[in-house]
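Architecture and fold: a report
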Amino acid sequence: NEIPALFLTGKKDTLVPHEHMLGLFQIMKESRGMSNNNNGSEDRSLDRGGRILKMHVVEDGTHNETWMQGGRDYWTAFKTFLTE
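These remarks concern the structure in this document. Here the structure is a predicted model, which is why all the values come from computation and not from measurement. (Residues numbered from 1 in each chain as written. Predicted model: local features only at pLDDT ≥ 70, side-chain atom pairs only at ≥ 80, totals over all residues. Heavy atoms only, no water.)

Moving on, we come to the pairing of strand β3 (residues 52-58). Along β3, seven of the seven residues are buried, which leaves the element largely enclosed by surrounding structure. What you see with β3 is no split at all: Ile52, Lys54, His56 and Val58 on one side and Leu53, Met55 and Val57 on the other are buried throughout. Judged from the six bridges that link them, strand β1 (residues 5-10) and β3 form a sheet pairing that is parallel. Each residue of the ladder has a partner; that of Thr9, found in β3, is Val57. (Buried < 20%, exposed > 50% of the residue type's maximum accessible area, 1.4 Å probe, protein only. Helix = DSSP H or I, 4+ residues; strand = E, 2+ residues; numbered from the N terminus. Pairing = 2+ DSSP bridges.)

One pass over the full model with this rule turns up two salt bridges. Note that Lys11 and Glu59 form a salt bridge whose closest N and O atoms lie 3.4 Å from each other. Of this pair, Lys11 sits in the loop between β1 and α1 (18-31) while Glu59 is found in the loop between β3 and α2 (66-69), placing the two residues 48 residues apart along the sequence. On the basis of relative accessibility, which here comes to 45%, the residue Glu59 falls in the partly exposed class. (Salt bridge = Lys/Arg side-chain N within 4 Å of Asp/Glu carboxyl O.)

All we've got here are geometric facts, nothing functional implied.
So, in structure tokens, the structure goes:
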């Protein structure tokens, strides 16, 4: 039984490259039988059980400063995920 998951990622992260996060996200989607639903900086999907799998991308985000560089949108994505 899968749990909801939120991926917060920065495109300029050199410790965990953005491409790796995209790959992990895609693997998780495929393992849950989910299709693509990408709308820019945010990808939100529901699996068959209605559990949320979400990714929020910060364009200028680096590894340790993504939370700051993402500003209000970062925190909105985080708070929305927690309340869904």
